[in-house]
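Structural overview for review
What follows is each chain in one-letter form.
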Amino acid sequence: MIRHTILFKVKSTVADAEIDNALAAMKELETVLPDVFSVDTGECQFHDDKSKFFFTYKMLQGVTHAVSIDFMNENALEDFFVNPATKIAKELVVRIAENGYKGIIGFDLESQEI
């Protein structure tokens, strides 16, 4: 299994409805893409004020929201990057992210457990 996670800060000018729409579009990919276990989206929750301050204000541009997608394997992850069905959802997230695409931090974790 591969967990693909993106972190980003939502622009201060973005309405709540636009945030909800972008995150819902990402969540919907769970039903569209083959070999996806789950898609989780939402506002980041921090364990303490120190962490919240660091991730929201001190980090390069800050982080307020995340999307995490669990894929069966690397082929499924690669499909996410090129599949036309993902284009709109990804564009909606880029549109609400501070600094657009450049403002999104992405990483993958691989696990043998499913």
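First, a word on scope: everything that follows refers to the structure included in this document. Each chain carries its own residue numbering, running from 1 in the written order of its sequence. In keeping with the predicted nature of the model, local features appear solely for residues at pLDDT of at least 70, side-chain atom pairs appear and are counted solely at 80 or more, and the whole-chain, interface and lining totals rest on all residues. By convention in this description, side-chain values take in all heavy atoms of the structure and omit both hydrogens and water.

Quick word on the sheet that holds strand β1 (residues 2-8)
For sheets, the rule is that strands pair by backbone hydrogen bonds, running either parallel or antiparallel. If you trace the four strands from one edge of the open sheet to the other, you get β2-β3-β1-β4, paired in antiparallel fashion. In the strand order of this sheet, the two ends are held by β2 (36-43) and β4 (105-110), each with one partner. Shown here is a sheet whose adjacent strand axes are inclined to one another by a mean of 15°, direction ignored. Each pair of strands is called paired provided DSSP finds at least two bridges between the two strands. Only DSSP runs of H or I covering at least 4 residues are called helices, and only runs of E covering at least 2 are called strands; the numbering of each starts at the N terminus. Sheet analysis places β1 next to β4, joined by six bridges and oriented antiparallel. Across the sheet, the residue bridging to Leu 7 is Ile 105, located in β4. What makes two residues a contact is simply this: any of their non-hydrogen atoms within 4.5 Å. To define axes, lines are fitted to C-alpha atoms, for helices over the stretch in contact only, and angles between the resulting N-to-C directions are given on a 0 to 180 degree scale. Against the sheet, helix α3 (residues 74-82) makes contact with β1, β3 (65-71) and β4, and its axis sits at roughly 35° relative to β1, the strand it touches most.

Considerations on the pattern of salt bridges
Criterion for a salt bridge: a side-chain nitrogen of Lys or Arg within 4 Å of a carboxyl oxygen of Asp or Glu. For the coordinates displayed, the defined rule picks out three salt bridges. Arg 3 is the partner of Asp 70 in a salt bridge, and the nearest nitrogen-oxygen pair spans 2.6 Å. Of the two residues, Asp 70 sits in strand β3 while Arg 3 sits in strand β1, which places them 67 residues apart along the sequence. Under the relative-accessibility criterion, Arg 3 is labelled partly exposed at 33%. Of the charged contacts, one joins Glu 91 and Lys 87 as a salt bridge, the two residues approaching to 3.8 Å between their closest N and O atoms. Type-normalised accessible area, obtained with a 1.4 Å probe on protein chains alone, sets the label of each residue: buried when under 20%, exposed when over 50%, and partly exposed for intermediate values.

Re a nonpolar patch on the surface
Here, patches come from residues exposed beyond 30% relative accessible area and free of salt bridges, joined within 9 Å for like charges and within 5 Å for nonpolar side chains (Val, Leu, Ile, Met, Phe, Trp, Tyr). Areas reported as accessible are Shrake-Rupley estimates using a 1.4 Å probe. Residue values count occlusion only from the protein chains shown. A surface patch of nonpolar side chains, amounting to about 240 Å² of accessible area, comprises Ile 105, Phe 107 and Leu 109. Mapped onto the elements, Leu 109 comes out in strand β4.

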